[in-house]
Amino acid sequence: MEKVVSISLFFGICVFISIVTIRIAMSLMGHFGILDQPGGHKQHDISTPFTGGFGVFAVLIAAIYLTPRYFPDISLHPLHVMALGGAILFATGLADDIWNLNFRTRFFIQGLVAMLMIVLGGVELQSLGQLALGNGIKLGVWAAPFTVFATVGLINAFNMIDGIDGISGSLAFISLGFVALVAGFAGNNVYLLLIIAVMGGVAGFLYFNLRYPSNSRARVFLGDNGSMLLGFVLAWLFIALSQGEQRAMTPVTALWLFGVPLIDTIGVMLRRLSMGKSPFCADRNHLHHLFIRAGFRVNDTVWIISLVQTGLGAIGIAGLLLAVPEYLMFGLFLVIFAAYFYFTVQPWRVVPALRRANLALGLPSAHAHGVFIGHFPKAASREILAILRNELGCLHDYRISLHRNNHKALAASNTYGMVEIVGNENEASLGEIRRLMARIKLRLDGRPGVQVRLLMQRTKEHDRRDTGAVTDERAEQVVRNREGERRKPQYNTEIYSTVGDKSRTKPGAAQVQDPPLSII
């Protein structure tokens with residue numbers, strides 16, 4: 001129990017160091033204007049400091065000096081080479097964040113650091129384990145080149161998974177947690193304490209990067225400085241703990257503990273090659289992008305992918321503890337990868353399935369953001385608005401608007417309304433929107449031809465009527481045509497605030513009780 005308390009205190013100190021370091025770095029980055037700017041393939045809307053790596057690096061360095069104080073019988077001196085390599089990669093990543101280094105330059109420096117790990121740290125991938133029946137696969141003279149290849153690949157795999165708020169930190173924390181279990185089972189206290197320290201650094205970063213009720217968006221990003229550093233630490237741990245006579249795990253176990261980033265990165269790169277593109281060309285076809293396109297919110301995407309990684313890691317640990325043959329574990333891993341690649345090589349096949357899953361689970365939806373009511377005669381507008389006012393709850397900000405559709409087939413019933421839930425902090429769940437829709441349907445029961453359905457956000461990326469055969473140009477035109485009908489509403493209430501008091505409106509908002517129907 002005393003050891004558990006000491007480790008918990010050690011973890012808490014590392015979290016505190018990480019939070020303080022990141023907060024100071026945020027101020028400095030903001031002062032000098034060194035921020036991650038939105039645009040290109042990046043999805044964020046606000047300039048954000050990429051200071052997550054500062055917290056992880058500070059903890060990594062501090063661990064070497066804190067460990068002798070709290071654990072006098074343990075020395076992290078052999079890991080000074082890891083700190084040196086981490087410092088080089090942290091500086092390289094920070095330079096890349098600021099000046100966008102060429103990928104060849106990054107690969108060259110990553111390769112040099114991998115060689116430092118081999119020559120000075122004595123960490124080398126000499127065997128791949130029993131991946132086939134018979135003797136294990138020894139690398140021999142290929143050990144050093146393969147170690148460099150694996151290290152550089154893992155660093156960049158972790159870098160590529162960093163696409164939405166919270167995903168990279170969450171996956172790193174889960175992988176480190178499983179590696180901590182492995183080190184603990186093997187009695188390797190040196191690596192156990194190092195892992196606990198790095199987990200504390202990641203936890204401090206997640207405090208700023210994860211979305212939660214009081215943090216509606218990431219305040220900092222991990223940046224290349226943090227992703228390259230964490231990727232290197234993970235590569236070192238996987239190799240060091242899976243080699244030698246006193247190894248703590250088999251090499252194939254490492255594949256499971258790093259399952260999601262590895263499977264996703266290899267799958268995406270193979271897909272790019274199959275399309276004649278560079279495997280290093282950034283796009284939005286990673287697993288987390290597919291979830292976003294299917295309507296999952298960022299938070300739910302992070303939790304689901306984290307659960308998947310937890311499941312893969314648990315399988316890897318179970319296989320290790322139950323002594324399942326390595327070739328069977330490797331074969332199962334290949335089957336999972338093949339299934340993933342089959343379903344994601346053409347995103348339009350998996351996105352509809354994910355959308356149906358989102359609907360079935362009733363999770364909050366990023367695309368369903370209100371209710372559509374139409375079509376009805378202009379004369380019924382006042383009554384429809386009164387119904388909407390009475391049925392709207394007191395939990396969200398909303399916008400009500402009326403529009404005219406000039407399509408000839410609609411005849412006199414050419415008016416429709418939209419209730420749009422607005423604001424990021426109080427997003428309505430799909431279940432809440434459906435309940436609102438059901439109440440409106442009940443009130444409008446008996447009106448022939450009036451439809452009440454979910455109001456879906458339409459873009460070329462996730463339009464339900466878009467297929468793989470539709471070109472980007474055609475998809476954009478479809479969206480423009482559809483949006484053109486409601487670009488200029490005939491009646492718009494602006495934004496009504498229903499938080500706490502549904503009669504209260506924001507400054508400048510029109511009053512729904514007496515709408516200016518004469519403008520319709």
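Residues numbered from 1 in each chain as written. Predicted model: local features only at pLDDT ≥ 70, side-chain atom pairs only at ≥ 80, totals over all residues. Heavy atoms only, no water.

J.: Got a minute to help me understand the overall build of the protein chain in this structure?
T.: Tallying secondary structure elements over the protein chain gives 17 helices and eight strands in all. For the protein chain, the residues scored as buried account for 49% of the 520 residues in total. For the protein chain, long-range pairs separated by at least 24 residues make up 73% of all intrachain contacts whose partners lie at least 6 apart in sequence. Surface summary for the protein chain: the accessible area is close to 24500 Å², and the carbon and sulfur share equals 61%. (Helix = DSSP H or I, 4+ residues; strand = E, 2+ residues; numbered from the N terminus. Buried < 20%, exposed > 50% of the residue type's maximum accessible area, 1.4 Å probe, protein only. Contact = heavy atoms within 4.5 Å. Areas by Shrake-Rupley, 256 points an atom, 1.4 Å probe, with all protein chains shown as cover.)

J.: Would you mind going over the pattern of salt bridges with me for this structure?
T.: Pairing between side chains of opposite charge can happen when the charged atoms of each approach one another. Within the structure shown, the criterion is met by four salt bridges. With its nearest N and O atoms 3.6 Å apart, the salt bridge here joins Arg106 to Asp96. With a gap of 10 residues between them, Arg106 in helix 4 (residues 103–119) and Asp96 in helix 3 (residues 80–99) connect regions that are remote in the sequence. With a closest N to O distance of 3.7 Å, Arg297 and Asp300 form a salt bridge. A relative accessible area of 13% means that Asp300 is categorised as buried. (Salt bridge = Lys/Arg side-chain N within 4 Å of Asp/Glu carboxyl O.)

J.: I would appreciate a short explanation of helix 3 in the present structure.
T.: Three or four residues apart is the spacing at which side chains of an α-helix point the same way, because the helix has 3.6 residues per turn. Taking 1.5 Å per residue as the helical rise, helix 3 with its 20 residues ought to reach 28 Å, and the 28 Å between its terminal C-alpha atoms agrees with that figure. Looking at the residues trailing helix 3, positive phi occurs at Asn100, about 55°. (Expected span 1.5 Å × (residues − 1).)

J.: Looking at this structure, I do not really get the side chain of Ser227. What am I missing?
T.: In this fold, Ser227 is placed in helix 8 (residues 223–241). Under the relative-accessibility criterion, Ser227 is labelled buried at 1%. Setting aside residues up to four positions removed in sequence, Ser227 forms contacts with Ile155, Phe158, Asn159 and Leu222.

J.: So what exactly am I meant to see when it comes to the environment of Leu112 here?
T.: With respect to the helices and strands, Leu112 occurs in helix 4. Note: C-alpha distance between Leu112 and Val152 (40 residues apart in sequence) is 9.7 Å.

J.: Help me out: how do you make sense of unusual backbone geometry in this one?
T.: The backbone of Asn100 sits at a positive phi, close to 55°, despite the residue not being glycine. Within the element layout of this structure, Asn100 appears in the loop between helix 3 and helix 4. Among the residues examined, Asn100 registers a relative accessible area of 61% and is labelled exposed. Within the chain, Ala323 stands out as a residue other than glycine whose phi angle is a positive 55°. Structurally, Ala323 can be placed in the loop between helix 12 (298–321) and helix 13 (326–344). Of the residues examined, Ala323 reaches a relative accessible area of 60% and is grouped as exposed.

J.: Any chance you could explain a nonpolar patch on the surface here in plain terms?
T.: A cluster of nonpolar side chains, Phe16, Val20, Ile24, Leu28 and Phe32, forms an exposed patch at the surface whose accessible area comes to about 530 Å². With a relative accessible area of 47%, Leu28 lands in the partly exposed category. (Patch = residues over 30% accessible without salt bridge, like charges linked within 9 Å, V, L, I, M, F, W, Y side chains within 5 Å.)

J.: Looking at this structure, I do not really get the packing of helix 10 (residues 259–274) against helix 12. What am I missing?
T.: The angle between the axes and the distance between the axes are what describe a pair of packed helices. Relative orientation of the contacting elements helix 10 and helix 12 amounts to 110°, with a least axis distance of 8 Å. Of the possible angle classes, the one that applies to helix 10 and helix 12 is roughly perpendicular. Contacts from Gly259, Val260, Pro261 and Ile263 in helix 10 reach Ile305, Val308, Gln309 and Leu312 in helix 12. Each residue belonging to the contact of helix 10 with helix 12 can be placed in one class, and the counts come to six nonpolar, two polar and no charged. (Axes fitted to C-alpha atoms, helices over the stretch in contact; angles between N-to-C directions. Parallel < 35°, antiparallel > 145°, perpendicular 65-115°, else oblique. Nonpolar A, V, L, I, M, F, W, Y, C, P; charged D, E, K, R; others polar.)

J.: Is there a simple way to think about the packing of aromatic side chains in this case?
T.: Pairs of aromatic rings are described using the distance from one ring centre to the other and the angle between the two planes. One pass over the structure, following the stated rule, counts 13 aromatic pairs. Pairing Tyr342 with Phe343 gives two aromatic rings, centres 5.1 Å apart and planes at 80°, and the pair type is edge-to-face. Since its relative accessible area comes to 48%, Phe343 is described here as partly exposed. Ring centres 5.3 Å apart and planes at 35° place the aromatic pair Phe372 and Tyr416 in the tilted group. Of this pair, Phe372 sits in strand 3 (residues 368–376) while Tyr416 is found in strand 5 (residues 415–422), placing the two residues 44 residues apart along the sequence. The two residues Phe372 and Tyr416 agree in class, both being buried. (Phe/Tyr/Trp six-rings, centres within 6.5 Å; stacked < 30°, edge-to-face > 60°.)

J.: Quick question: what am I supposed to make of the confidence of the model for the protein chain here?
T.: For any part of a model where pLDDT is low, the fine detail of the predicted coordinates should not be relied upon. The predicted model of the protein chain averages 81 in pLDDT, with 79% of residues at 70 or higher. Averaged pLDDT values for the elements of the protein chain fall to 38 in strand 8 (residues 496–497) and rise to 97 in helix 9 (residues 251–257). Taken together, the stretch residues 482–520 has pLDDT below 50 and engages in 99 contacts with residues farther than four places along the chain or on a different chain. (pLDDT = per-residue confidence, 0-100.)

J.: Help me understand the nonpolar core, please; the structure alone is not making it clear to me.
T.: Generally speaking, nonpolar side chains in soluble globular proteins are found buried as a group. Membership of the largest hydrophobic core comes to 96 residues, with the highest contact counts inside it found for Val198, Trp236 and Phe238. A per-element tally of this core places helix 7 (residues 189–209) first, with 13 residues. Each residue touching Phe238, except ones within four places of it in the same chain, is listed here: Leu154, Val179, Met249, Ala254, Leu257 and Phe258. (Core = buried A, V, L, I, M, F, W, Y, C linked by side-chain atoms within 4.5 Å.)

J.: Help me out: how do you make sense of the environment of Ile239 in this one?
T.: Within the element layout of this structure, Ile239 appears in helix 8. Residue classification places Ile239 among the buried positions, given a relative accessible area of 6%. Between the alpha carbons of Ile239 and Val123 there is a distance of 6.7 Å; along the sequence they are 116 residues apart.

J.: I tried to follow helix 1 (residues 2–32) on my own but got confused; where do I start?
T.: Between its first and last C-alpha atoms helix 1 spans 45 Å; for 31 residues at 1.5 Å apiece the expected length is 45 Å, and the two agree. Those residues of helix 1 not exposed but buried are Ile7, Phe10, Ile13, Cys14, Val15, Ser18, Ile22, Ala25, Met26 and Met29.

J.: What am I meant to see in the packing of helix 6 (residues 167–186) against helix 12 here?
T.: The interhelical angle for the contact between helix 6 and helix 12, taken along N-to-C directions, is 15°, at an axis separation of 9 Å. By the criterion of interaxial angle, the relationship of helix 6 to helix 12 is roughly parallel. For the pair helix 6 and helix 12, the sense of crossing is right-handed. Contact residues: helix 6 offers Ile167, Ser170, Leu171, Ile174, Ser175, Phe178, Val182 and Phe185, while helix 12 offers Val302, Ile305, Ser306, Gln309, Thr310, Gly313, Ala314, Ile317, Leu320 and Leu321. Among the residues forming the contact of helix 6 with helix 12, the class breakdown is 12 nonpolar, six polar and no charged. (Left-handed = near helix turned anticlockwise from the far one by under 90°.)

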